[in-house]
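So the chains spell out like this:
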Amino acid sequence: MSSMWMYAPDSGHTDGRSLVGFTVEAADGGIGHVDRQQDQPGIQHLVVDTGVWKFGRSVLIPAGAVIAIDTGAQTVKVAPSREEIKAAPRFTTDSETGDPGYLSAVGDYYLSLRSAPLR
């Protein structure tokens, strides 16, 4: 797995701190709240409940997409936009969080956003 599955050192992440319930903000607005998190090294990610924003679905966001965590405000900021997150490989079941093929597709997608030309 790549660095996409680890929090950046300057993200504000602290090992062992729960982010469940934190509000998640994309580059262009709120997308929901952290429903679950995985802190296993190499596959760290958040499962975000998008509520009505995306018809009640959840999305999986790799830890490498997190740019800032504010524990006081209980917010997690991620680099991608709402549309980029909507276009990510669809998350449907928790079993996907252990599927190397699915995780690879998600990681590759978010990595491609990092190398995309500026608009």
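Residues numbered from 1 in each chain as written. Predicted model: local features only at pLDDT ≥ 70, side-chain atom pairs only at ≥ 80, totals over all residues. Heavy atoms only, no water.

Draft legend 1. Expanded view of helix H2 (residues 100-114). With 15 residues, H2 extends 21 Å from end C-alpha to end C-alpha; this agrees with the ideal 21 Å at 1.5 Å per step. Every buried residue of H2 is accounted for by Tyr 102, Leu 103, Val 106, Gly 107, Tyr 109 and Tyr 110. Take H2 and look down its axis: the buried residues cluster within an arc of 160°, on one side only. With a side-chain oxygen positioned 2.9 Å from the backbone nitrogen of Gly 101, the residue opening H2 is Asp 99. (Helix = DSSP H or I, 4+ residues; strand = E, 2+ residues; numbered from the N terminus. Expected span 1.5 Å × (residues − 1). Buried < 20%, exposed > 50% of the residue type's maximum accessible area, 1.4 Å probe, protein only. Arc of directions from axis to C-beta. Polar contact = N/O pair within 3.5 Å; in protein donor to acceptor, adjacent residues only side chain to side chain.)

Draft legend 2. Layout of the pairing of strand E4 (residues 58-62). Counting buried positions along E4 yields five of five residues, so the element is predominantly enclosed. Here E4 shows no split at all, with Ser 58, Leu 60 and Pro 62 on one side and Val 59 and Ile 61 on the other all buried. In this structure, strand E3 (residues 45-49) lies alongside E4, joined through five bridges in antiparallel fashion. Each residue of the ladder has a partner; that of Asp 49, found in E4, is Ser 58. (Pairing = 2+ DSSP bridges.)

Draft legend 3. Representation of the sheet that holds strand E6 (residues 75-78) in the model. The six strands lie next to each other as E4-E3-E2-E1-E6-E5, forming an open sheet whose pairing is mixed. In the strand order of this sheet, the two ends are held by E4 and strand E5 (66-70), each with one partner. Sheet twist, expressed as the average angle between the axes of neighbouring strands with direction ignored, equals 35°. Pairing between strand E1 (residues 23-26) and E6: three bridges, direction parallel. (Axes fitted to C-alpha atoms, helices over the stretch in contact; angles between N-to-C directions.)

Draft legend 4. Quick look at unusual backbone geometry. You will see that Gln 74, though not glycine, has its phi angle at about 55°, which is positive. Checked against the element boundaries, Gln 74 lands in the loop between E5 and E6. Judged by its relative accessible area of 43%, Gln 74 is partly exposed.

Draft legend 5. Representation of the nonpolar core within the structure. In terms of nonpolar packing, the biggest core is built from 30 residues, with Leu 19, Leu 46, Ile 61, Val 76, Val 78, Ile 85 and Tyr 110 touching the most fellow members. Every element with two or more residues in this core is listed here: E1, strand E2 (29-38), E3, E4, E5, E6 and H2. Top element by residues in this core is H2. It accounts for five residues. Those residues in contact with Val 76 that lie beyond four places of it in its chain are Leu 19, Phe 22, Thr 23, Val 24, Glu 25, Val 34, Leu 46, Val 66, Ala 68 and Ile 69. (Core = buried A, V, L, I, M, F, W, Y, C linked by side-chain atoms within 4.5 Å. Contact = heavy atoms within 4.5 Å.)

Fair warning: the whole summary comes from geometry, so function is off the table for now.
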